[in-house]
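# Architecture and fold: a report
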Amino acid sequence: MDKYNTRLQELKESNNYRQLPDKETLNLIDLCSNDYLGINTNTHLRDEFLREFNMDYAFSSTSSRLLSKSLEQHVLLEKTIAESYNTEAALLFNSGYHANVGILSALPDSKDLIIADKLIHASVIDGATLSSADFMRYKHLNNEHLELLLEKHRKNYEKVFIVSESIFSMDGDVANIRELIELKNKYNCYLYIDEAHALGVCGKQGLGCVEALDCMAEVDFIVGTMGKAMASVGAFVACQQVFVDYLINHSRAFIFSTALPPINAAWSTFIFQKMKDMNAQRKRLQKLSSDFTAMLNVKSDSHIIPFVIGANAEAIAASQLLKQNGFNVLPIRYPTVPKNTARLRFSLSANMKIENLKAIQSILTTETPSYE
Ligand SMILES: Cc1ncc(COP(=O)(O)O)c(C=O)c1O
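Now for a quick tour of the structure. (Residues numbered from 1 in each chain as written. Predicted model: local features only at pLDDT ≥ 70, side-chain atom pairs only at ≥ 80, totals over all residues.)

### Considering helix H13 (residues 312–324)
Between the first and last C-alpha of H13 there are 19 Å, a value that for 13 residues agrees with the 18 Å anticipated at 1.5 Å per step. By the burial criterion, the buried members of H13 are Ala315, Ala318, Ser319 and Leu322. The arc enclosing the buried residues of H13, seen along the axis, measures out at 100°, which places them on a common side. Looking at H13, the residues exposed on the side facing more than 90 degrees away from the buried face are Gln320 and Gln324. Looking at the residues trailing H13, positive phi occurs at Gly326, about 95°. (Helix = DSSP H or I, 4+ residues; strand = E, 2+ residues; numbered from the N terminus. Expected span 1.5 Å × (residues − 1). Buried ≥ 20, exposed ≤ 12 C-beta atoms within 10 Å, placed from the backbone. Arc of directions from axis to C-beta.)

### Details of the packing of helix H4 (residues 96–104) against helix H5 (residues 122–130)
Following both chains from N to C, one finds H4 and H5 inclined at 30°, their axes separated by 7 Å at the closest point. As judged from the angle between their axes, H4 and H5 are roughly parallel. Of the two possible hands of crossing, H4 and H5 adopt the one that is right-handed. Along the contact surface, H4 presents Gly96, Tyr97, Asn100, Val101, Ile103 and Leu104, while H5 presents Ser123, Val124, Asp126, Gly127, Ala128 and Leu130. Among the residues making up the contact of H4 with H5, the classes are represented as seven nonpolar, four polar and one charged. (Axes fitted to C-alpha atoms, helices over the stretch in contact; angles between N-to-C directions. Parallel < 35°, antiparallel > 145°, perpendicular 65-115°, else oblique. Left-handed = near helix turned anticlockwise from the far one by under 90°. Contact = placed C-beta atoms within 7 Å. Nonpolar A, V, L, I, M, F, W, Y, C, P; charged D, E, K, R; others polar.)

### Here's the deal with the sheet that holds strand E8 (residues 235–239)
The strand order across the open sheet built from seven strands is E2-E8-E7-E6-E5-E3-E4, with neighbouring strands paired in mixed fashion. Each end of this open sheet is capped by a strand with a single partner; those strands are strand E2 (89–93) and strand E4 (134–138). Strand-to-strand twist of the sheet, defined as the mean angle between neighbouring strand axes without regard to direction, takes the value 20°. Inspection of the sheet shows strand E6 (residues 190–194) paired to strand E7 (residues 221–225) by three bridges, in the parallel sense. Across the sheet, residue Ile193 finds its bridge partner in E7, namely Ile222. Running over the sheet, H4 touches E2, strand E3 (113–117), E6, E7 and E8 and is turned about 40° from E8. Relative to E6, helix H7 (residues 177–186) is tilted by about 155°, and along the sheet it contacts strand E5 (160–165) and E6. (Pairing = 2+ DSSP bridges.)

### Things to note about the site of the ligand
Near the ligand, the surroundings consist of 13 residues, among which Ser95, Gly96, Tyr97, Ser169 and Ala196 are the closest. Per-class residue counts for the shell around the ligand are three nonpolar, eight polar and two charged. (Near = placed C-beta within 6 Å.)

### Side note on the packing of helix H3 (residues 72–85) against helix H11 (residues 262–275)
Where H3 contacts H11, the two axes come as close as 8 Å, and the packing angle between them is 25°. Relative to H11, the element H3 is oriented roughly parallel. For H3 against H11, the interelement crossing comes out left-handed. In contact with Gln73, His74, Leu76, Leu77, Thr80 and Ile81 of H3, H11 contributes Pro262, Ala265, Ala266, Ser268, Thr269, Phe272 and Gln273. Class assignment of the residues belonging to the contact of H3 with H11 gives a composition of seven nonpolar, six polar and no charged.

### Here's the deal with helix H6 (residues 143–153)
Those residues of H6 not exposed but buried are Asn143, Leu146 and Leu150. Considered in projection along H6, the buried side chains sweep an arc of 50° and stay on one side of the axis. In this structure, H6 carries Glu144, Glu151 and Lys152 as exposed residues pointing more than 90 degrees from its buried face. Buried-residue contacts for H6 involve E3, E4 and H7.

Read these as layout, nothing more, since geometry by itself doesn't imply function.
Given below as C-alpha cells:
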C-alpha cells in the first residue's frame with residue numbers, strides 16, 4: 001500500500017489530487033456541465049418523451065449487440081443519424097470514450113499512421129496507443145506543422161488518419177476544418193473529426209461544425225457524443241458502410257460491451273430530432289458566450305471559455321472562491337491541460353442568466369486582482 005499512499009501524497013503536495021465533488025456542489029450554479037442547450041433540465045421534453053415511449057424492456061439491453069438481437073431503438077437511432085449526416089451508415093458506441101478508443105484501435109493497422117492535434121482528447125490518445133499504427137501529433141491547430149509532417153511521412157504509410165476535434169474541449173478554440181479537408185485531399189488521407197462539443201451547438205440543425213461549414217460529405221469519420229448537448233449517453237460515428245461493417249467485426253469496444261439501454265437510444269433519437277429546431281437556444285448560447293468572453297477579457301471561439309491562471313494552487317483558490325459565492329467551476333490542471341496553464345474552465349448553457357455571469361466576472365476581477 002505504501003507505493004499508492006506515497007503517490008497520492010505526491011499528488012496532494014503538487015495540488016493535483018482529484019476528488020469527487022461533494023453533495024453541496026449540487027446546489028451550486030453549474031458551469032461545468034456540458035448541458036449546452038439546457039435539455040437536461042427541460043421537464044417538458046422529458047414528459048413528452050415519456051408519454052410517447054413504450055417502456056417495455058427499456059432499462060437494459062442485457063448484452064452486446066452481437067450476442068442478442070440488435071434492438072430496434074439502436075437501429076432507428078443509427079438510421080436517424082446516417083440520414084441526417086447524409087452518410088451511408090452510422091454506428092453507436094457506449095460513450096465518446098468508447099467510440100474514439102474503439103474506432104482508432106480497430107481501423108488503422110501497422111501499415112498506417114494516426115496523426116492528431118497535440119491537444120486532442122485523451123480517448124483519441126488511448127485509441128491510438130492501443131492501435132498498432134504509428135502515432136504522431138502536430139502542434140495545436142497548426143495546419144502548417146501538420147503539412148510538414150505529411151510531406152515527410154505520408155509516403156511511408158498505406159493509410160493516414162488525420163484526427164482533430166472541431167471545438168476543443170479545454171480551450172474552446174476551433175479547428176480550421178476546411179484546411180484539414182484540403183490537406184486530406186492533397187495527401188490522400190482520411191479525416192476524422194470529433195464533434196463532441198459542437199454537436200447541438202453549431203450548424204443550422206445542430207449537427208456540428210461540419211454542418212455549419214457545409215462539408216459533411218468531405219469528412220470521412222464524424223464522431224458525436226450524446227452525453228453532452230444531447231443530455232443523453234453514448235456516441236456515434238457517421239461514415240461509409242464498409243467502415244461500420246469493419247468496426248462491427250474488429251472494434252473491441254463495440255463487440256465486448258453491453259449495448260446502450262434501449263431507453264437511452266430512444267431518448268437520443270427523440271432529442272436528435274428536437275435538437276434540429278433549437279436555433280433559439282443556439283443563438284442565445286452564442287450571445288452569452290461572446291458577452292462572457294468579452295467580460296473576462298479572454299480568448300474563446302465558443303461556449304467553452306478558459307480563464308487561464310497558471311499555478312495549480314491559484315486555480316484551486318479561485319474555484320473555491322466561486323464556490324463560496326454559489327458557482328461550481330472546477331479548476332482544470334495538469335495532466336488534463338499542459339503544465340502551468342491551470343485554469344477555470346467555464347462551459348456555458350443556453351439557459352444561464354447573464355446576471356450570474358456578471359457576478360462571476362466581478363468576483364474574479366475585484367476579489368482576485370492578481371488573476372486579471
Ligand atoms: C473531444 C471529446 N471526445 C470524446 C469525449 C468522451 O465522450 P464521453 O463523455 O461520451 O465518453 C469527450 C468528453 O469529454 C471529449 O471532450
